Amino acid sequence: MTTIAELHDRARQRLVPEYYDYFAGGAADETALADNERAFRRLALMPRVLRGRADRDISVELPGARASMPVVVAPTAFHRLAHPDGELATARAAAAAGTVLIASMAATVGVGEMAAAARAVDPGAALWFQLYLQSDTRVTETLVRRATDAGCSALVVTVDSPVFGRHERDRRNGFADLPAGFAAENMRDLPGGRRNIEMTPMSWEHLDRLRASTSLPVLLKGILHPEDAHLAIERGADGIVVSNHGGRQLDAVPASIDALPRIAEVAGGRVPVLLDGGVRRGSDVAIALALGAVAVGVGRPVIWGLAADGELGVRQVLELLREEFDHTLALCGGQGPADLTRDLVTVRGPEGGKW
Ligand SMILES: Cc1cc2nc3c(=O)[nH]c(=O)nc-3n(C[C@H](O)[C@H](O)[C@H](O)COP(=O)(O)O)c2cc1C
Ligand SMILES: CCCCC(=O)C(=O)O
């Protein structure tokens, strides 16, 4: 397999069709889903010449972790629907790639087991834990404790989901919940049961409470409005993930990459800004970094790798992105991520719309 697109094709052939639709689908008309990828194709890189060096270093410093490349694994639910090894395979592959795995609260393997699988590959493996704040604060506290005990080095609170997105493929397929035999293992023994992950409206005060209850860095995932980035930083967030949830929440939103520049401007380097949504090529990673991200997350590509070939497939996805990003950096005349500056990105077509 030489591209993520090929792994996607293989995954499509292998997956149960209803599960494929769950993973691949977006909300409503899937406008945002499609635009996440298309928006990258509307942008271009303006390479610099005669300043290259052969000793490139693509590692990046992130909250509670150093990653071997500016690509991390975005949190996605229900990996055992993609492959019997589920999140264990994903965790091993992320550890082998030396990058951060953001464990989903809705994982079908508990975060402790994921961490153990990752650390068997690399004792220094870094995991973050993604969280939907629950209205019962005891549930949230227990989840934070489980993540902390597992050695997670940051929390990622998903803030774009006051309600579930309208996944119309799932409605058509009658896919409403995890099938029998699978469970959201992080919810084990919690009130509400293992299947019952709540998405409910939350406020900045809930976040204050979470921050007061943990010493872990807290990143907010799912910010698109620059004013929310401003508020997040004011309220002490340790990082921002610009994301439209892979086009699975509100459909009428911009592509993640189109929302990034203004948020990066607001952040002004005070906190790290990450981005996810539509990253399929190393050049997408380079564009996101040039527009102000310190790293990107990949969601579906990891699932395609997992469904195509388990741990090996996920490793392939991550190594393809590493190779492609490093290659792009070289072609742009860069030695490291810091060389990818905003002036390197342009909109396709003649500048100003005229030759
Ligand atoms: C099948 C699937 C499940 C997801 N589950 C979660 C989740 O449990 N928590 C979360 O914060 N985001 C979740 N996301 C969103 C991803 O973290 C990420 O924002 C998105 O997938 C990025 O877009 P990409 O798939 O184009 O890379 C999910 C996305 C997909 C596709
Ligand atoms: C309770 C599962 C949430 C998964 C999710 O965030 C998604 O499917 O987008």
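Residues numbered from 1 in each chain as written. Chains lettered and ligands numbered in written order. Predicted model: local features only at pLDDT ≥ 70, side-chain atom pairs only at ≥ 80, totals over all residues. Heavy atoms only, no water.

- For the protein chain, an unreviewed UniProt entry supplies the name Alpha-hydroxy acid oxidase and the organism Amycolatopsis pigmentata.
- The UniProt entry for the protein chain carries this comment under Cofactor (unreviewed entry): "FMN".
- UniProt, in the comment section headed Sequence similarities (unreviewed entry), describes the protein chain in these words: "Belongs to the FMN-dependent alpha-hydroxy acid dehydrogenase family." (UniProt positions renumbered as here; feature names shortened; annotations may be inferred.)

**A look at the overall build of the protein chain**
Point 1. Along the protein chain, the regular secondary structure elements total 12 helices and 12 strands.
Point 2. A principal-axis box enclosing the C-alpha atoms of the protein chain has dimensions of 60 × 45 × 45 Å.
Point 3. Counting the 355 residues in the protein chain, one finds 57% classified as buried.
Point 4. Sequence separation of at least 24 residues holds for 75% of the intrachain contacts in the protein chain that already meet a minimum separation of 6.
Point 5. Accessible surface computed for the protein chain: about 15000 Å², of which carbon and sulfur atoms make up 51%.
Point 6. Taking the average location of the 39 positive side-chain charges in the protein chain and that of its 45 negative ones, the two points are 1 Å from each other. (Helix = DSSP H or I, 4+ residues; strand = E, 2+ residues; numbered from the N terminus. Buried < 20%, exposed > 50% of the residue type's maximum accessible area, 1.4 Å probe, protein only. Contact = heavy atoms within 4.5 Å. Areas by Shrake-Rupley, 256 points an atom, 1.4 Å probe, with all protein chains shown as cover. Lys, Arg positive; Asp, Glu negative; His and termini not counted. Charge placed at Lys NZ, Arg CZ, Asp CG, Glu CD.)

**Description of the packing of aromatic side chains**
Point 1. Tallied over the entire structure, the rule returns 5 aromatic pairs.
Point 2. Measuring from ring centre to ring centre gives 5.3 Å for Tyr20 and Trp304, while their planes differ by 25°; the resulting arrangement is stacked. Placement of Tyr20 in helix H2 (residues 17–24) and of Trp304 in helix H12 (residues 300–331) is noted, with a sequence separation of 284 residues between them.
Point 3. Of the residues examined, Trp304 reaches a relative accessible area of 2% and is grouped as buried.
Point 4. Three or more aromatic residues joined by ring pairs form one cluster here, namely Tyr19, Tyr22, Phe23, Phe78 and Phe175.
Point 5. One cation-aromatic arrangement involves Arg248 over Tyr22; the distance from NZ or CZ to the ring centre is 4.8 Å. (Phe/Tyr/Trp six-rings, centres within 6.5 Å; stacked < 30°, edge-to-face > 60°. Lys NZ or Arg CZ within 6 Å of the ring centre and 35° of its normal.)

**Quick notes on the site of ligand 2**
Point 1. Around ligand 2 lies a shell formed by Tyr22, Ala77, Ala106, Tyr132, Phe164, His167, Ile197, Met199, His245 and Arg248.
Point 2. Separating an oxygen atom of ligand 2 from a side-chain N or O atom of Tyr22 is a distance of 2.7 Å.
Point 3. In this structure, Tyr132 approaches ligand 2 through a side-chain N or O atom, which is 2.6 Å from an oxygen atom.
Point 4. Computed on the free molecule, ligand 2 has an accessible area of 290 Å², of which 88% lies beneath the protein chains in the complex. (Near = heavy atom within 4 Å. Polar contact = N/O pair within 3.5 Å; in protein donor to acceptor, adjacent residues only side chain to side chain.)

**Comments concerning the pattern of salt bridges**
Point 1. What the rule picks out here adds up to 18 salt bridges.
Point 2. Across the pair Arg42 and Asp258 runs a salt bridge whose closest N-O atoms are separated by 3.0 Å. Here Arg42, found in the loop between helix H3 (31–41) and strand E1 (43–45), pairs with Asp258, found in helix H10 (residues 256–267); they are 216 residues apart in sequence, far enough to count as distant.
Point 3. Across the pair Glu319 and Arg322 runs a salt bridge whose closest N-O atoms are separated by 2.7 Å. Highlighted residues: Glu319 and Arg322, both in helix H12, separated by 3 residues, approximately one helical turn.
Point 4. What makes Glu319 partly exposed here is its relative accessible area of 30%.
Point 5. On the basis of relative accessible area, Arg322 is assigned to the buried category, the value being 18%.
Point 6. The network of salt bridges with shared partners includes Asp35, Arg38, Arg42 and Asp258. (Salt bridge = Lys/Arg side-chain N within 4 Å of Asp/Glu carboxyl O.)

**Section: the site of ligand 1**
Point 1. Taken together, 24 residues sit near ligand 1, with Pro75, Ser104, Thr158, Asp276 and Arg280 positioned nearest.
Point 2. Measuring from an oxygen atom of ligand 1, one finds a side-chain N or O atom of Thr158 at 2.7 Å.
Point 3. Note that an oxygen atom of ligand 1 is positioned 2.9 Å from one of the side-chain N or O atoms of Asp276.
Point 4. Protein burial of ligand 1: of its 600 Å² of free accessible surface, 98% is covered by the chains.
Point 5. Listed by contribution, the elements that provide at least two residues to the shell around ligand 1 are H2 and H12.
Point 6. In terms of residue count, the dominant contributor to the shell around ligand 1 is H12 (3 residues).

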